[in-house]
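Structural characterization, general
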Amino acid sequence: MRKVYNFNAGPAMLPEEVLKQAQAEMLDWHGTGMSIMELGHRGHEFKEVAEQAEADLRELMAIPMHYHVFFLAGGASTQFAMVPLNLLNGKGTADYIETGVWSKKAVTEAQRYGNINIAAKTAHRNHLAYVPPQEEWSLNKEAAYVHYTPNETIDGIEFHWVPRTGDVPLVADMTSNILSRPIDINDYGIVYAGAQKNVGQAGITIVIVREDLIQEPLPRTPTLYAYKTHAEHHSFYNTPPTYSWYITGLMLAWLKRQGGVEAIYKINRRKADTLYNVIDTHKDFYICRVEPSYRSMQNVMFYLHDEKLTPRFLEEAAKRNLLNLAGHRVSGGVRASIYNGMPEEGVNLLADFMQDFVKRQG
Ligand SMILES: *Cc1c(COP(=O)(O)O)cnc(C)c1O
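To keep things clear, this report deals only with the structure shown in the data block. (Residues numbered from 1 in each chain as written. Predicted model: local features only at pLDDT ≥ 70, side-chain atom pairs only at ≥ 80, totals over all residues. Heavy atoms only, no water.)

1. A few points about the nonpolar core
Leu57, Leu179, Ile208 and Tyr286 are the most contacted members of the largest nonpolar core, which has 89 residues in total. Sort the elements by how many residues they give to this core and helix H6 (residues 242–257) lands first, with nine residues. Judged by nonpolar contacts, the second largest core, of 28 residues, contains Leu88, Ala144, Tyr145 and Ile190. (Core = buried A, V, L, I, M, F, W, Y, C linked by side-chain atoms within 4.5 Å. Buried < 20%, exposed > 50% of the residue type's maximum accessible area, 1.4 Å probe, protein only. Helix = DSSP H or I, 4+ residues; strand = E, 2+ residues; numbered from the N terminus.)

Here it is as C-alpha cells:
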C-alpha cells in the first residue's frame with residue numbers, strides 16, 4: 001500500500017493497481033522482451049493496445065460508430081485551437097460559456113480564429129457563484145458551435161445539467177470530469193479531455209468527434225491540427241504518445257473492473273458529499289463559495305473563514321500524508337481534487353482531519 005493521498009488537480013493520483021500493472025509489465029510487455037515504450041507504434045503489439053483502449057472507451061461511454069475517437073498529443077489546451085480551426089470554416093462565429101479559468105483560456109485561443117460570442121458567464125448572488133439558467137443565455141442560432149466547460153477545475157464549478165443547443169453542435173472540455181459520471185454522448189458534437197486527471201497520465205488527450213464535424217478546416221491549419229487528418233489515419237498520422245496511450249488503456253480497463261461509469265459515479269458522489277458535509281456542518285469555519293447546485297464533484301474548493309489559518313491547515317494535512325491541497329495560485333484557499341483515482345479512504349481521512357482541525361482551533 002502506498003502511504004500518501006495526492007489531492008493534486010492534475011496530474012493526479014492513479015489507482016495502485018494500475019501503477020503495479022505498469023511496473024510488472026515495464027521490462028517485458030507480454031513476452032516481447034521489450035517495454036511497451038520501445039515497441040514500434042505501427043507493429044501489431046501496440047495496435048492491439050491502442051484498439052483495446054478505444055474499444056473500452058467506446059464501451060464505457062456508449063460511443064456509437066458515427067463518432068470518431070482520437071488519442072492525440074498536445075493536451076486539452078491544443079483543443080482550444082483545434083476546435084475553432086476545424087469548426088469555424090464557413091460560419092466564422094461561435095458561442096462560448098465562460099464559467100472559469102479554463103473556459104476563459106478556450107475563449108482567448110478561439111478569438112484568434114473567429115468571432116467569439118460570450119453567451120453566458122458565471123454570476124454571483126449572496127457571494128456565491130452560479131451559472132445563469134439557459135433561458136438567460138444569448139445564444140446565436142448561426143453559431144458554428146457552443147463551447148462549454150462542464151467542470152471548471154480551478155473554480156470548483158460544475159454543471160449538473162446539459163445545455164440544449166438544438167442543431168448547433170455542443171462542444172465540451174471534459175478534462176476534469178470525463179468518465180466521472182454517466183453522460184449521453186449523443187448530446188455532444190465534440191468531447192475532449194486531457195487524460196492526466198481522470199483517465200491516466202499527461203501526454204495524451206481523448207477527442208471524440210461526431211462524424212459530420214470532420215470538415216474542411218480553416219486555410220493554413222497545420223496538418224496535425226486538422227481532425228480530418230486523424231480521422232483518415234486513425235490517430236496514427238505520426239507517432240502517437242504510445243506510453244500515455246497504454247496507461248490510459250490500463251486506467252480504462254480498471255474503470256471497467258470497478259463496474260463502469262455508473263459504479264464509479266456512485267463512489268465519486270459519495271466522496272464529494274463527504275467533504276461538502278463537513279464544510280456545511282462547520283459553516284462558521286469553512287466556506288464553499290459556489291452555490292450548492294453548481295458545486296463540483298471533482299474539485300472540492302473551499303476556504304477557511306480565517307484565511308490566516310490556511311497555511312497551518314495545509315501543513316498539518318501534509319503531516320497526515322494528505323498532500324497538495326492548496327488551491328490554485330489564482331484562487332488561493334483549499335482544493336481537494338478527488339478524481340476517479342482517489343480512493344474513498346483518502347477522502348475519509350481528509351474529512352476526519354478537517355473536523356479534527358476545527359476542534360483543535362476550538
Ligand atoms: C487541466 C485542464 C486543462 C488543461 O489541460 P492540458 O492538458 O494541460 O492542456 C484544460 N481544461 C480543463 C477543464 C482542465 O482541467
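2. As for helix H3 (residues 75–87)
Spanning 13 residues, H3 covers 19 Å between terminal C-alpha atoms, matching the ideal 18 Å at 1.5 Å per step. In H3, a bend of some 25 degrees at alanine 81 exceeds every other bend along the element, and proline 84, a proline, comes one to four places later. For H3, a buried count of 11 out of 13 residues is recorded, marking the element as mostly surrounded by other parts of the structure. The complete set of buried residues in H3 reads Ala76, Thr78, Gln79, Phe80, Ala81, Met82, Val83, Pro84, Leu85, Asn86 and Leu87. (Expected span 1.5 Å × (residues − 1). Bend = angle between axes of the 7 residues up to and from the residue.)

3. What to know about the sheet that holds strand S11 (residues 190–194)
Reading across the sheet, the seven strands line up as S2-S12-S11-S10-S7-S3-S4 and stay open at both edges, with mixed pairing between neighbours. Edge positions in the sheet fall to strand S2 (67–72) and strand S4 (115–121), since each has one partner strand and no second. Direction aside, neighbouring strands of the sheet carry axes that sit 20 degrees apart on average. Examined bridge by bridge, strand S3 (residues 93–98) and S4 share six bridges and lie parallel to one another. Among the inter-strand pairings, threonine 93 is bridged to a residue of S4, identified as asparagine 115. Its contacts with the sheet place H3 against S2, S3, strand S10 (170–173), S11 and strand S12 (205–210), and it is angled at close to 155 degrees to S11. Against the sheet, helix H4 (residues 101–110) contacts S3, S4 and strand S7 (146–148), and its axis sits at roughly 160 degrees relative to S3. (Pairing = 2+ DSSP bridges. Axes fitted to C-alpha atoms, helices over the stretch in contact; angles between N-to-C directions. Contact = heavy atoms within 4.5 Å.)

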